Amino acid sequence: MATGPEHGLKWIVWQRIKNSILEDCKKPGVWKVLILDQFTTQLLSSCCKMSDLMSEGITIVEDLFKIREPVPEMKAIYFITPTAESVEAFIKDWKPKAKYKTAYIYFTDCCPDDLFSKIKMDCAKHIRVCKEIHISFLPQESHVFTCDNPGAFRSIYSPHSEDRLKTLETLANQIVTLCATLNENPGIRYKKESSVQYAKQLAEMVDRKLEDHYKVDGSAKKDKTQSQLLIVDRGFDPVSPVLHELTYQAMAYDLLPIEKDNYKYKHKDGTVKEALLNESDELWLRLRHMHIAQVTEKIPKLVKEISASKKTPDSKISIGSLANLMKKMPSVRKQLAQKTVHVNLAEDCMNHWNNGKIEKLCQVEQDLAVGMDVEGLKVKDPMRTLLPVLLPPKDRYTKHNKIRAVLLYIFSLNGTTEENLNKLIEHVEITNERDYILNWKELGVPIIASMNPFRRTTRREREEQEDRYSMSRWTPVIKDVMEDAVVNKLDWPHVSGAPTVWNGSRAVSARQKHKASADDHHGSSKLIIFILGGVSYSEMRCAYEVTQATKSCEVFIGSSHILTPDGLLNDIQRLTTAVPMEKFTFENERTS
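Before going into details, it helps to say that this report is about the structure given with it. (Residues numbered from 1 in each chain as written. Predicted model: local features only at pLDDT ≥ 70, side-chain atom pairs only at ≥ 80, totals over all residues. Heavy atoms only, no water.)

We now examine the environment of Pro186. With respect to the element layout, Pro186 can be found in the loop between helix H7 (164-181) and strand E8 (187-190). By relative accessible area, Pro186 is classed as buried at 0%. On a C-alpha basis, the gap between Pro186 and Gln228 in space is 4.7 Å, while along the polypeptide they are 42 residues apart. With sequence-adjacent residues up to four places away left out, Pro186 is seen in contact with Cys179, Leu210, Lys224, Thr225, Ser227, Gln228 and Leu229. (Helix = DSSP H or I, 4+ residues; strand = E, 2+ residues; numbered from the N terminus. Buried < 20%, exposed > 50% of the residue type's maximum accessible area, 1.4 Å probe, protein only. Contact = heavy atoms within 4.5 Å.)

Okay, the side chain of Thr247 next. Position of Thr247 relative to the elements: it lies in the loop between strand E9 (227-233) and helix H9 (248-255). For Thr247, the side chain forms a polar contact with the side chain of Arg541, separated by 3.4 Å. Residue contacts for Thr247: discarding those within four places in its chain leaves Arg288, His289, Met290, His291, Ile292 and Arg541. (Polar contact = N/O pair within 3.5 Å; in protein donor to acceptor, adjacent residues only side chain to side chain.)

One open sheet accounts for 6 strands, arranged E6-E7-E13-E12-E9-E8; its pairing is mixed. Bordering the open sheet on either side are strand E6 (138-141) and E8, each of which pairs with just one other strand. Each strand axis lies, on average, 25 degrees off the axis of its neighbour in the sheet, ignoring direction. The sheet contact formed by E6 and strand E7 (residues 144-146) spans 3 bridges and is antiparallel. Note on E7: the bridge partner recorded for Glu141 is Val144. Across the sheet, helix H19 (residues 477-486) lies against E9, strand E12 (525-532) and strand E13 (553-559), angled at about 150 degrees from E12, the strand it touches most. (Pairing = 2+ DSSP bridges. Axes fitted to C-alpha atoms, helices over the stretch in contact; angles between N-to-C directions.)

A few words now on the sheet that holds strand E4 (residues 103-107). Here we have 5 strands laid out as an open sheet, ordered E2-E1-E3-E4-E5, and parallel in their pairing. In the strand order of this sheet, the two ends are held by strand E2 (58-63) and strand E5 (127-132), each with one partner. Sheet twist, expressed as the mean angle between neighbouring strand axes with direction ignored, is 15 degrees. Sheet topology note: the strand E1 (residues 32-36)/strand E3 (residues 75-80) ladder contains 5 bridges and is parallel.

Within this structure, the stated rule accounts for 21 salt bridges. Lys99 serves as the salt-bridge partner of Asp93, at 3.7 Å between the closest nitrogen and oxygen. Summarising the burial analysis for this pair, Asp93 and Lys99 share the class buried. Of the charged contacts, one joins Arg574 and Asp571 as a salt bridge, the two residues approaching to 3.2 Å between their closest N and O atoms. Of this pair, Arg574 and Asp571 both sit in helix H21 (residues 565-574), 3 residues apart, which is roughly one turn of that helix. (Salt bridge = Lys/Arg side-chain N within 4 Å of Asp/Glu carboxyl O.)

In C-alpha cells:
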C-alpha cells in the first residue's frame, strides 16, 4: 500500500495515479519503464514506494533528463509536467532513433497547444496514449498539500514583481487540480477585509478555471458539491508563523536544520545518521502534534509498549534481549530504529531550547500574542513585556529571535509610531536591515500605526483548558476560521455560487468534545484552506485537530509552500530588493 494514513490525501493521489496511469496501460506479465521529471518524481515519492510501482508492472524508474540506455523491447510510461523543457526531453527519446517500443504519455496538467502540436509532429507514430490527468500539486501529508513554489511569495508580494499575474494563474491551475482530484466543485470564499486583494484575485481565477474544467463538450458545469474552498492572504495572521511553537513537528522544523524532511543526527558511535520525518514513520504520526513536554514523556512509554507487546518477561530491556528482538522481528527492529530517531530528535529540540534561552522568550511572545499574561491579566504595557528581550547582554538572543519578539510587539499594537520603531530597530541592531520589519506592510500588515486603516483579525476568546501549557496559549487564527466554516457561521463572501448544502444539521462544532471514529469521515464534506504565501506547521496542525473534532467534515490545508519562521523572515527582508538585471536576463533566456 502507498505510504501515509489510508484515505488521506496521499492515498487519494496514489489511487488516482494507479487508476489513471498504471491501470490504463497494464497487461499481465508485461513490464514497463516509468520515466519522470523533477516534479513527478517528488509527487510519486510522496505517495508511494518502489514496491507499490513494481506491483503495478513497473520494473524500473528513470529520470527524464538523465542519459539512459535504450530498451527497445520495453514500453515506456512518461509521467511529466507539460513544460517546454520536459516535452523537448521526451522528443529526444524518439528522434532520431526510438529508445523504447512505444510511449504512453501522461501530463500532470493541460498541455499547451504549441507543445502538443510539436509532440504530434515529431513523435505521433510512437505514441499509444497521450492524456492529461490533472494532478499538479504535492500531497505533503494526509491533510496538507503544496504547490511546490516557494518563489511565489516574492512574485505575489514584492512591489518589484513582474510575474504576479502569471504566478496567480499557475497557483489557480494547481488548486483546480486539487479540487478535481478530490472530485469536488467547492463554493469559493475569500477574506475581504484586507488592504491587499490577491486572495480575492486568486479566488476569482480558481472559480473561473473550475467552471471551465468541469465543462465537457459544452455541457453544463458540474454542480457545486458539499465543500468549501477558503483563500486567505498571508497577512491575515502574521502572528502564527512568527511565534515559537512548542509542538513537536513545528518546534523541530523551527530550531533544527531539517531540509526536505531529512533529519541528521549523531549516533552514539559517532556516525552521522539520517532519517526521513514523514507519514511512513508510525511514531512521527503519533507524536508530531503533541507538545514537546508530552513527547519527552511518551517516548520511554512507547518503548515499553513495544516490549510488552512481544511478551518480554522483564520490564527492563537489556541490550542482549533488544539484539535478539531485532534479529527475530523486523517490525520490532523498525519500531526501535524509529524510537532512536525520536529520542535524538526530542533531545536536539530540548538542547536548542536550553542553549538558546527560548523559555523566557516564549513567555514574552505568548503574552504579546494573546494580550494576557499567564495569570489571565491583560497586558497593559506591551513595551514592558518586550523589554527583557531588548536588555543587555546583547548576545542573549539571536538577531532573528529579537526581530520575532519586536514584530509580535508591533502586531499587538496594530502598528507603532515611527519614532518608537526607529528605537526598536536600533536596539535590535538592524539599522541597515530594517526591511525585516518594514516589509510586512507589503502583506497588508500595519507597521506604522497611521499608515493603514486595516486592523488585524481578532481572535476568538477561548476557554482555558486544563491541558493547555502556559507557553502554548496562542491558537492560530485559521483555526477559528475552520471552526466557524464547519458550523456555517463564517461571513466571508462567495465568489459565485455557494454549495447547496454545507454540512447542515450533520455539522458538529470543533469546540465540542467529540471522539471521531474510523468511519466518521466516510462521505463527509470537505473544507479546503489555501493560504497565499506559505503555511506554518502550527496552521497545518489545526487542520488535523478540526478534522478529528468534527463528525462530518474533513479539513485540508495548503499553500504555495510550507514555511519556517527563519525562512519567512528572510523572504520578508528580500521583498523590496530588486532582482539583479543579469539574473533576470539569464532566467528569460533559459525559459525562452
